[in-house]
Number of protein chains: 2
Amino acid sequence: MKRVKLVVAYDGTAYHGWQFQPGSRTIEGELNSALGSLLQEEVQVIGASRTDSGVHALCNVAVFDTDTCIPADKISYALNQRLPEDIRIQSSEEVEGDFHPRHCNSRKTYEYRILNTRFPIPTKRLYAHFTYVPLDVQKMRQAAAYLTGEHDFKSFCASGAVVESTVRTIYELAVEKTGDEIVIRVCGSGFLYNMVRIIAGTLMEAGRGNISPENVKTILEAKNRQMAGPTAQACGLTLVKYDFLSQ
Amino acid sequence: MKRVKLVVAYDGTAYHGWQFQPGSRTIEGELNSALGSLLQEEVQVIGASRTDSGVHALCNVAVFDTDTCIPADKISYALNQRLPEDIRIQSSEEVEGDFHPRHCNSRKTYEYRILNTRFPIPTKRLYAHFTYVPLDVQKMRQAAAYLTGEHDFKSFCASGAVVESTVRTIYELAVEKTGDEIVIRVCGSGFLYNMVRIIAGTLMEAGRGNISPENVKTILEAKNRQMAGPTAQACGLTLVKYDFLSQ
C-alpha cells in the first residue's frame, strides 16, 4: 500500500465543485472514477481545497492510497488519458503514509480576476468576472490593506457555515491591474467558506465607491456577514498555488 | 439609409468560422439573425476577416446598411442583448456609405498562443495550442526573422486557395515568452488562407529543432506548401487588432 499525491488542474465551469455529490459532476467524482478504472481498485481521494461550483484550479491537491504496482510518477500520464479534458493531473508522486493535505501547514494562493471593460470579451468570460462599472484600483488597494494579517473574518464567511474559529491569517492581499484586467491575489494559511469571493465582492464595492476603504475596518469588527459586500461570481476565482510547509 | 460599422469579439470554439453557411453556426449567421430581429429588416453584414472554424477574435469588423432610426452607437447595447454570450459587440458607429472593410488599407494583428508545459492546463485549453515538447524560443525568433517584410508566401498558403497574388507584407513577427506561454504576434496588411497558422506551425518546427531557422529561407523560395510546417491548431489563433489606415 502506498499513498500518492496528485496535483490537479481543472476548469470548474462544468462542475458542481470539488466535493463528491451523487448525481452531480464533481472533480472528486471524476477523479475517483478515473482512478477506479485505471487501478481496478475502489479509490476515494482526499482533497486539499474543496472548491465551490464553477471555481477553477491550477494546482489543487488530492491524495489516495493504492496497492497498484504502477510507479507513482507514471500515474499522472495514465490518469490524464481517462479524465475529461477539463481536468488534468499536473504531477503524481508517492508521499508518506500519514500525509493528509488538510492537516498540513500550508499556504494557498487564490486569484480573483475581474474584466473591467465597456462590454464583455467572450474569450475571457469563463475565467473572469465582468463589470463595466469603472473600478478605482487605488481604493481597492486601500481597502485590501485592512484585511491583511490575522483577523476574525466572521463578516467574510458565508452565513450558516459551521466552523470552530473564524480567525484566519492573510499573508498577502494584492490588487494588480494589467490593461483592462484587475487581479486580486490573496495568500493565506486557510480560508473560510466563500471568504475569498466575499473579499472580492467587498473590494469591488470599494472600487466602485459604494463603500469607503476605511469601512472595511468597521466591517471586520462587526463580525456580521450582512455588513460585507456580496459574494463575487465563482468563475472569477482560481486556486493558483498550494504550498505545503510541514506536516 | 446609413452604414454602420461593428467591432465584434468572439470565442470561436463553438462556431464553424465567420462566413455564413446554411445549417452551421457561424459568426456572420448569428450577426445577421440578431440584427434582423433587432432592426426588423433583412441584414447581411460584410465582414473584414473571414476567420476559420475555431479561431477567436477581439476585434473583427462587420458593416451593414440599415434604415433604422436607432442611433448607430446604441446598436452595440441592443445587439448584445440578442447575441449568444460567446459573441459580443465592442462598439458600433456610423461610417461613410462607401466604407468597405475589405477594400481598405488595413493592418491586422493576430496572436498565436502556445502553452508549453508538461501537461495541458484546462483553463487554457480553449485559447492556446498545447505542446509538451520544449520549444526553443531563440530558434523560433531566428526563423521568424526570415519572414518579415514583403515576400511571396505561396509556401505558407493552404493549397487549393484561389488568389491573384501570394505576395504579402509582414510588418512585424515577434515571438514572446511569458512563463509557460509562447505568443507569436504577427502584423500585416493581409494574410493568405491559413497563412498565420502555417507560419505558427513552421516556427514550432524550428522551435523543436526539426528544421533549422535558416531553412525558412529555403521554404519561402520553394513556393510550395509541402515545404512548410503543418497548419497549427485553430484554437491558438486570435485576431487581436484591426486598424484601418485609409479607404
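Note that the structure is predicted; figures quoted are calculated from it, not measured.

About the thresholds
Residues numbered from 1 in each chain as written. Chains lettered and ligands numbered in written order. Predicted model: local features only at pLDDT ≥ 70, side-chain atom pairs only at ≥ 80, totals over all residues. Heavy atoms only, no water. Contact = heavy atoms within 4.5 Å. Salt bridge = Lys/Arg side-chain N within 4 Å of Asp/Glu carboxyl O. Polar contact = N/O pair within 3.5 Å; in protein donor to acceptor, adjacent residues only side chain to side chain. Helix = DSSP H or I, 4+ residues; strand = E, 2+ residues; numbered from the N terminus. Nonpolar A, V, L, I, M, F, W, Y, C, P; charged D, E, K, R; others polar. Expected span 1.5 Å × (residues − 1). Buried < 20%, exposed > 50% of the residue type's maximum accessible area, 1.4 Å probe, protein only. Least-squares fit on C-alpha atoms with pLDDT ≥ 70 in both. UniProt positions renumbered as here; feature names shortened; annotations may be inferred. Axes fitted to C-alpha atoms, helices over the stretch in contact; angles between N-to-C directions. Parallel < 35°, antiparallel > 145°, perpendicular 65-115°, else oblique. Left-handed = near helix turned anticlockwise from the far one by under 90°. Arc of directions from axis to C-beta. Pairing = 2+ DSSP bridges. Domains from an automatic or database assignment. Buried area = accessible area lost by both parts, 1.4 Å probe.

S.K.: Which parts of the structure should I look at to understand the interface of chain B and chain A?
M.R.: Reports often express the size of an interface as the amount of accessible area lost when the parts come together. The interface is formed by 25 residues belonging to chain B together with 25 residues belonging to chain A. Across the chain B-chain A interface, the total number found is four salt bridges. Between A:Glu85 and B:Arg125 there is a salt bridge whose closest N-O contact spans 3.5 Å. On the surface where chain B and chain A come into contact, there are six residue pairs in polar contact (both at pLDDT 80 or more). For the side of chain B that touches chain A, the leading source of residues is strand E4 (residues 87–95) of chain B, giving five residues. Partitioned by chemical class, the residues of the side of chain B that touches chain A number 12 nonpolar, six polar and seven charged.

S.K.: Which parts of the structure should I look at to understand helix H1 (residues 27–39) of chain A?
M.R.: Every α-helix winds through 3.6 residues per turn, so residues three or four apart in the chain are directed the same way. All names here are of chain A. The end-to-end C-alpha separation of H1 is 18 Å, in line with the 18 Å expected for 13 residues at 1.5 Å each. Taking burial as the measure, the 13 residues of H1 include 10 buried ones, the bulk of the element. Burial in H1 covers these residues: Ile-27, Glu-28, Gly-29, Leu-31, Asn-32, Ala-34, Leu-35, Gly-36, Leu-38 and Leu-39. Packing partners of the buried residues in H1 comprise strand E1 (2–10), strand E3 (56–66), helix H2 (72–82) and strand E4 (87–95). A positive backbone phi angle near 55 degrees is found at Gln-40, which sits one or two residues after H1.

S.K.: What is the right way to look at the relation of the copies chain B and chain A in this model?
M.R.: Two chain copies, one operation linking them: a rotation about an axis together with a shift along it. The transform that puts chain B on chain A rotates by 180 degrees and translates by 0.0 Å along the axis, for an RMSD of 0.0 Å. In short, the pair behaves as if placed about a two-fold rotation axis. Looking at chain B, 100% of its interface residues are interface residues in chain A too, so the copies touch through the same face.

S.K.: Please clarify how the side chain of B:His56 should be interpreted in this entry.
M.R.: One can find B:His56 in strand E3 (residues 56–66). Here B:His56 falls in the buried class, since its relative accessible area comes to 0%. Setting aside residues up to four positions removed in sequence, B:His56 forms contacts with A:Thr123, B:Tyr10, B:Asp11, B:Gly12, B:Thr13, B:Leu126, B:Tyr127, B:Cys235, B:Leu237, B:Thr238 and B:Leu239.

S.K.: How should the UniProt feature "binding site: substrate" (unreviewed entry) in chain A be read in this particular structure?
M.R.: All names here are of chain A. Mapped onto this numbering, the UniProt entry gives "binding site: substrate" (unreviewed entry) at Tyr-110. On the secondary structure map, Tyr-110 appears in strand E5 (residues 105–115). What Tyr-110 contacts, discounting residues up to four positions off in sequence, is Ser-49, Thr-51, Ile-184, Arg-185, Val-186, Phe-191, Val-196, Leu-237, Thr-238, Leu-239 and Val-240.

S.K.: Can you help me understand the environment of A:Val55 in this one?
M.R.: All names here are of chain A. Tracing the sequence through the fold places Val-55 in the loop between strand E2 (46–47) and E3. A sequence separation of 43 residues divides Val-55 from Gly-12, and the C-alpha atoms of the two residues are 5.0 Å apart. If sequence neighbours within four positions are ignored, Val-55 has contacts with Tyr-10, Gly-12, Ala-234 and Leu-237.

S.K.: Hey, could you run me through the packing of H1(A) against H2(A) in this one?
M.R.: For any two helices packed against each other, one specifies the inter-axial angle together with the distance between the axes. All names here are of chain A. Between H1 and H2, the least distance of the axes is 9 Å, while the angle of their chain directions is 115 degrees. One way to sum up the angle between H1 and H2 is to call them roughly perpendicular. For the pair H1 and H2, the sense of crossing is right-handed. On H2, the residues touching Ala-34, Leu-35, Ser-37 and Leu-38 of H1 are Ile-75, Ala-78, Leu-79 and Arg-82. Among the residues forming the contact of H1 with H2, the class breakdown is six nonpolar, one polar and one charged.

S.K.: Hey, could you run me through the UniProt feature "active site" (unreviewed entry) in chain A in this one?
M.R.: Per the UniProt annotation, the sites labelled "active site" (unreviewed entry) are A:Asp52. Mapped onto the fold, A:Asp52 is located in the loop between E2 and E3.

S.K.: Just checking my understanding: could you explain helix H3 (residues 137–145) of chain A for this structure?
M.R.: All names here are of chain A. Of all the residues in H3, the buried ones are Val-137, Met-140, Ala-143 and Ala-144. Looking down the long axis of H3, one finds its buried residues gathered within 120 degrees of arc, a one-sided arrangement. Where the residues of H3 are buried, they touch E5, strand E8 (167–178), strand E9 (181–188), helix H4 (195–208) and helix H5 (215–222).

S.K.: Would you mind going over unusual backbone geometry with me for this structure?
M.R.: All names here are of chain A. We note that Asn-194 has phi near 70 degrees; this positive angle belongs to a residue other than glycine. Structurally, the position occupied by Asn-194 is in the loop between E9 and H4. In this structure Asn-194 comes out as buried when scored by relative accessible area, which is 15%.

S.K.: Would you mind going over the pairing of E3(B) with me for this structure?
M.R.: It is a general feature of regular strands that their side chains alternate between the two faces of the sheet. All names here are of chain B. Along E3, nine of the 11 residues are buried, which leaves the element largely enclosed by surrounding structure. Bridge analysis of strand E1 (residues 2–10) against E3 gives eight bridges, and the strand direction is antiparallel. The residue of E3 that forms the bridge with Val-8 is Asn-60. One ladder, built from two bridges, connects strand E2 (residues 46–47) with E3; its direction is antiparallel. Of the residues in E3, the one forming a bridge with Ile-46 is Val-63.

S.K.: I tried to follow the domain arrangement of chain A on my own but got confused; where do I start?
M.R.: All names here are of chain A. In terms of domains, chain A is made up of domain 1 (2–95) and domain 2 (105–246). If you look at the interface, domain 1 gives 16 residues, while domain 2 gives 16 residues. When the buried area of domain 1 at its contact with domain 2 is split by residue, Asp-52, His-56 and Cys-59 rank highest and sum to 39% of it. In this assembly, domain 1 and domain 2 are joined by one salt bridge.

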